[in-house]
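Survey of secondary and tertiary structure
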Amino acid sequence: MADYLDTLNDAQRVAVENLEGPMLVIAGAGSGKTRVLTYRIVHLMNNGVDPFNILSLTFTNKAAKEMKQRIALQVGRSEAKNLWMGTFHSVFAKILRSEGHRIGYPQNYTIYDAQDAERVIRGIITDMNLDKDIYKPKQVMGRISSFKNSLITVRAYNNQPDLQEADAAAMRPRTGEIYKEYVDRCFRAGAMDFDDLLLRTNQLLNQFPEVLAQYQDRFRYIMVDEYQDTNHSQYSIVKALAARFENLCVVGDDAQSIYGFRGANVKNILEFKKDYPSMKMFKLEQNYRSTNNIVQAANNVIANNREQLEKEVFTANPDGEAIKVVRTVTDSEEGKYVASTIFETAMDQHLEWSDFAILYRTNMQSRALEDALRRRDMPYRIYGGLSFYQRKEIKDVLSYFRLIINHKDEEALRRIINFPARGIGKTTMDRLTIAARENTMSIFNVIEQAQNMSLGINAGTLRKLEAFILMIKAFNVQIDSLDAFQMAESVVKTTGLVKELQKDSTPEGVSRLDNVQELINSMKKFTEDQKELADGDDTLNTFMEDVALLTDADKEDPNDMNKVSLMTVHTSKGLEFSHVFIVGMEEDLFPSGLSINTRSELEEERRLFYVAVTRAEKQAYLSYTQSRYRWGKVTEAEPSRFIEEIGDDYLDYSTPKSRRSRAMGSNGNDSLFGNEVLRSVKPQSGTAPVKQNSKSIRKLKPVSSMSSNTDLFSGNLNKGNIVKHQRFGLGEVMMVEGVGVNQKASIRFENGGLKKILLRFSKLDVVG
DNA sequence: TCATTGGGCTTTTTT
DNA sequence: AGCCCAATGA
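So, a few notes on the structure that sits alongside this text. (Residues numbered from 1 in each chain as written. Chains lettered and ligands numbered in written order. Predicted model: local features only at pLDDT ≥ 70, side-chain atom pairs only at ≥ 80, totals over all residues. Heavy atoms only, no water.)

**Quick look at the overall build of chain A**
Looking only at helices and strands, chain A has 30 helices and 25 strands in total. For chain A, the proportion of its 768 residues judged to be buried stands at 51%. In chain A, the proportion of contacts linking residues at least 24 apart, taken out of those at least 6 apart, comes to 74%. In the form shown here, chain A has an accessible surface area of approximately 35,900 Å², with 50% of it arising from carbon and sulfur atoms. (Helix = DSSP H or I, 4+ residues; strand = E, 2+ residues; numbered from the N terminus. Buried < 20%, exposed > 50% of the residue type's maximum accessible area, 1.4 Å probe, protein only. Contact = heavy atoms within 4.5 Å. Areas by Shrake-Rupley, 256 points an atom, 1.4 Å probe, with all protein chains shown as cover.)

Now the structure itself:
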């Protein structure tokens, strides 16, 4: 029956079998934490605990989804469905939908993402006539965020002279006023930012004991993953909910605490025992993921940190290879080295692309790596960075949905009231805004009342405003009768959004249209999925509830299966790969130059590096360059201190053979790029400047408007032609095969790689 | 009111 | 080098 217990080691099993009371699981990297979490839930259920009474909080939605699936394998889907599992944000966003009315929020409240929040703050700073160079919106936002995550309300702020003094000392004495105005504006817009989802949950549980009691009773067993990365606000929610039964299981690894910058508090895990003196501690110290070399190297690094819980991560795995350290001359060389090493290793050892990951400290580093991979036609996937849902065109569409659902959503309204252009300009918006502020009304509301308000807006504009409002209201009427997909189609057509996007035929414009199409497709899938469920709900409202909390990592794309993964070290937490490249191992970059001034910041960087190294199963590579493009300039770099901290025993410094410098004339053929890495030889200033291949693929001839004639193919496409494709942009014809309607061409596109295209169906312009 | 251009600023990490 | 915003002209 309980055969899953047999798959666990002793430490894991006792943790899984400990069902009651407070407990702390310290789970070293790769020690089978997820397995313990899932089996413990299974074990709870097998011991008669109703899944309705289990709350499991994870760090990402993806983790929740995967865990649920694994549990479903053991207990069946219908049972697993009843578990409450998700991120703090998504679980409490849901609870706030049903309970938020008690603290003054509509059921259909909007979730402001970071961008929306920043725009609100920017607006406040402008309205208060403050200097944007002193009151930097991003910084002010960060400050407010840290208040919220520490449960410091506006009132609390005003009662704490030390906080006010700190802001005054930072030359921002009016931070408190901005904070207050920000909270007011969000509230009036019926909007919560990410931090509100937690702060307001706290408020709700504090102010309404009956609500607290209800959820305490419901969540009799609580589990929290990645506990080292919880902030005070999250801690406080957990504490309140667990207070009645104290069946609280927190899991984490203090050595992997990497979110201090956004308010995470390692003390939550370090001081768990203070809160629950009767707690039991379990340590998972055997690593199953990595070679012994990697485990020992990681241990060496983390030993440099002072503050940590005692533990000894070990493994029974073979030693494996030493960690390879490679130096290159420039960042584009680094990219080439990584790409070629992946290529060769994959071929030699018959590995999949998905066995490789490239990790970096900052998102900007991805560019050089992408270039190198693209040049070799190697498939890759970038995690994070600009998320799909943050793209302008997607946010525009979503803003329509938001405004339809919540008329008070001011950020959504500002975004779209004049997009597509309807002749509602800045002057009009200023007038409306002033009226809204004066009367504490929403802008939407002001427009509704505009006729009776003498706003000084001319009749023509007034009519346009009215038409806009009527359109939004008309959509709102349909919202319960149409499903999300039908609504979406209706919105993008009626508003002229699609037409607007179609106007732009540049590759970027085409890709924007594609993105909108993808969004709509995902909504179709959503409605279909919901219709299949007995208790499904396919309305736009439901679709929008989740969307603000989704990240790219959450959407599964079958096309993304076998690809090299590129991501920041932060994003890589919880993942593992056979071969891991950690690039940009340079002082000022990793560790970040902004984090080397205090001990605690540096220790967080070190934990970050620890996380990076422990992602690798078989082989880790570290690379650094002597010079790197930063802020549009070449900057000199020196190797990261973290490399030394690993210790020579676990490192292999053998820098690949130096590459003979290629003569200018030999016109670099793609396949020759960067098989080797320059030793330390700098390009000599005396010789002709060697062109760096950093430019992306060789520029294809520009489209001359004269020669761009649409040409229905009658077999006159030849190898070497430069063509323009409606969706893929410019490309070069590599091969033409077949005849008549079956004629196909292999075309190498500037950005999309090699594609085989059936000419009958393609709109291609020959441009050269 | 809208489109274009030039200047300034940015780069830490994200739910 | 790229992005966003503000100022400028049509």
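**Quick word on the environment of Thr-330**
Along the chain, Thr-330 falls in the loop between strand E11 (323–328) and helix H17 (331–349). For Thr-330, a relative accessible area of 12% puts it in the buried group. Separated by 38 residues in sequence, Thr-330 and Ala-368 place their C-alpha atoms 10.0 Å apart.

**Let's talk about the nonpolar core**
Core analysis: the biggest nonpolar cluster contains 51 residues, and Phe-401, Leu-432 and Leu-540 have the highest contact counts within it. The greatest single-element share of this core, amounting to eight residues, is contributed by helix H19 (residues 392–405). Counting 41 residues, the second-largest nonpolar core is a separate cluster that includes Phe-88, Phe-208, Val-224 and Ile-269. (Core = buried A, V, L, I, M, F, W, Y, C linked by side-chain atoms within 4.5 Å.)

**Observations regarding the pairing of strand E6 (residues 221–224)**
Burial along E6 is two-sided: Tyr-221 and Met-223 facing one way and Ile-222 and Val-224 facing the other are all buried. In this structure, strand E2 (residues 54–58) lies alongside E6, joined through four bridges in parallel fashion. Its bridge partner lying in E6, Ser-56 is registered against Met-223. Across three bridges, the pairing between E6 and strand E7 (residues 248–252) is parallel. When the bridges of E7 are listed, Met-223 appears paired with Cys-249. Since E6 and E7 lie parallel, the crossover through helix H13 (residues 232–242) that links them has a hand, and here it is right-handed. (Pairing = 2+ DSSP bridges. Right-handed = clockwise from strand over helix to strand, strands pointing away.)

**Some remarks on the sheet that holds E11**
What the seven strands build is an open sheet, ordered E13-E14-E12-E15-E16-E11-E19; its pairing is parallel. Both edges of this open sheet fall to strand E13 (380–382) and strand E19 (651–652), since each of them pairs with a single strand only. Contacts from helix H29 (residues 599–613) reach E11, strand E12 (356–360), strand E15 (577–582) and strand E16 (616–625) within the one sheet, and its direction differs from that of E15 by about 140 degrees. (Axes fitted to C-alpha atoms, helices over the stretch in contact; angles between N-to-C directions.)

**As for the packing of helix H1 (residues 10–17) against helix H2 (residues 33–46)**
Contact geometry of H1 with H2 gives a least axis separation of 8 Å together with a crossing angle of 40 degrees. The angle between H1 and H2 falls in the class oblique. Where H1 crosses over H2, the two elements pack in a sense that is right-handed. Between H1 and H2, the contacting residues are Gln-12, Ala-15, Val-16 and Glu-17 on the first element and Arg-35, Val-36, Tyr-39, Arg-40 and His-43 on the second. Per-class residue counts for the contact of H1 with H2 are four nonpolar, two polar and three charged. (Parallel < 35°, antiparallel > 145°, perpendicular 65-115°, else oblique. Left-handed = near helix turned anticlockwise from the far one by under 90°. Nonpolar A, V, L, I, M, F, W, Y, C, P; charged D, E, K, R; others polar.)

**Focus on the protein's contact with DNA strand B**
Surrounding DNA strand B, one finds 23 residues, the nearest of these being Arg-361, Met-364, Thr-427, Thr-428 and Leu-594. The sugar and phosphate moieties of DNA strand B supply 58% of its atoms located within 4 Å of the protein. In this structure, His-89 approaches DNA strand B through a side-chain N or O atom, which is 3.3 Å from a base oxygen. Between Asn-363 and DNA strand B, the recorded distance is 3.0 Å, taken from a backbone N or O atom to a phosphate oxygen. (Near = heavy atom within 4 Å. Polar contact = N/O pair within 3.5 Å; in protein donor to acceptor, adjacent residues only side chain to side chain.)

**Digging into the environment of Gly-385**
Within the secondary structure, Gly-385 sits in the loop between E13 and H19. Counting along the chain gives 297 residues from Gly-385 to Phe-88, while the straight-line C-alpha distance between them is 22 Å. For Gly-385, the contacting residues outside a window of four places in its chain are Asn-363 and Gln-390.

**Structural notes on the sheet that holds strand E1 (residues 23–27)**
In a beta sheet, neighbouring strands are held together by backbone hydrogen bonds and run either parallel or antiparallel to one another. With respect to topology, six strands assemble into an open sheet ordered E3-E2-E6-E7-E1-E8, the strand pairing being parallel. In the strand order of this sheet, the two ends are held by strand E3 (84–87) and strand E8 (280–284), each with one partner. The sheet shows a mean angle of 15 degrees between the axes of neighbouring strands, taken without regard to direction. Of the pairings in the sheet, the one linking E2 to E3 comprises four bridges and is parallel in character.

**Some thoughts on the pattern of salt bridges**
Enumeration over the complete set of coordinates arrives at 52 salt bridges. The salt bridge partner of Asp-113 is Lys-395, with a shortest N-O separation of 2.8 Å. Placement of the pair is Asp-113 in the loop between strand E4 (110–112) and helix H6 (114–127) and Lys-395 in helix H19, with a sequence separation of 282 residues. The residues Asp-113 and Lys-395 share a single accessibility class, namely buried. Among the salt bridges present, the one from Arg-361 reaches Glu-605, with a minimum N-O distance of 2.7 Å. Remark: Glu-605 occurs in helix H29 and Arg-361 occurs in the loop between E12 and helix H18 (366–375); sequence separation between them is 244 residues. Residue Arg-361 shares its accessibility class with Glu-605, and that shared class is buried. Ionic contacts of the salt-bridge type, sharing partners, join the residues Lys-33, Asp-225, Glu-226, Asp-229 and Lys-573 into one network. (Salt bridge = Lys/Arg side-chain N within 4 Å of Asp/Glu carboxyl O.)

**Looking at the packing of aromatic side chains**
One pass over the structure, following the stated rule, counts 19 aromatic pairs. Relative to Phe-219, the ring of Trp-84 has its centre 5.3 Å away and its plane inclined at 70 degrees; by these criteria the two rings are edge-to-face. Taken together, the positions of Trp-84 in strand E3 and Phe-219 in the loop between helix H12 (209–218) and E6 put the pair 135 residues apart, joining distant regions of the chain. Side by side, Trp-84 and Phe-219 carry an identical accessibility label, which is buried. (Phe/Tyr/Trp six-rings, centres within 6.5 Å; stacked < 30°, edge-to-face > 60°.)

**Observations concerning unusual backbone geometry**
A cis amide bond, omega -5 degrees, links Phe-419 with the succeeding residue Pro-420. Among the secondary structure elements, Pro-420 is positioned in the loop between helix H20 (410–416) and helix H21 (426–438). Cis geometry marks the peptide bond from Phe-590 to Pro-591, where omega comes out at 10 degrees. When you line up the elements, Pro-591 lands in the loop between E15 and H29. Not every positive phi belongs to a glycine, and Leu-151 is a case in point at roughly 60 degrees. In this structure, Leu-151 sits in the loop between helix H7 (137–149) and helix H8 (154–158). In this model, Thr-440 sits at a positive phi of 40 degrees, which is unusual for a non-glycine residue. Take Thr-440: it is sitting in the loop between H21 and helix H22 (443–449). The class of Thr-440 is exposed, set by a relative accessible area of 54%.

**Concerning the side chain of Ser-490**
Here Ser-490 is to be found in helix H24 (residues 484–494). Looking at Ser-490, the relative accessible area reads 19%, which means it is buried. Discounting chain neighbours no more than four positions away, the residues touching Ser-490 are Phe-475 and Gln-478.

**Some details on the side chain of Gln-234**
Relative to the helices and strands, Gln-234 is located in helix H13. Apart from residues lying up to four places away in sequence, Gln-234 is in contact with Phe-88, His-89, Leu-198 and Asp-229.

**Side note on the environment of Gly-100**
Structurally, the position occupied by Gly-100 is in the loop between helix H5 (88–99) and E4. Taking the C-alpha atoms as reference points, Gly-100 and Gln-207, separated by 107 residues in sequence, lie 12 Å from one another.

**Side note on H19**
Helix length check: H19, at 14 residues, gives a terminal C-alpha distance of 20 Å against a target of 20 Å (1.5 Å per residue), a fit within 8%. Of all 14 residues that make up H19, 13 are buried, and the element is covered over most of its length. (Expected span 1.5 Å × (residues − 1).)

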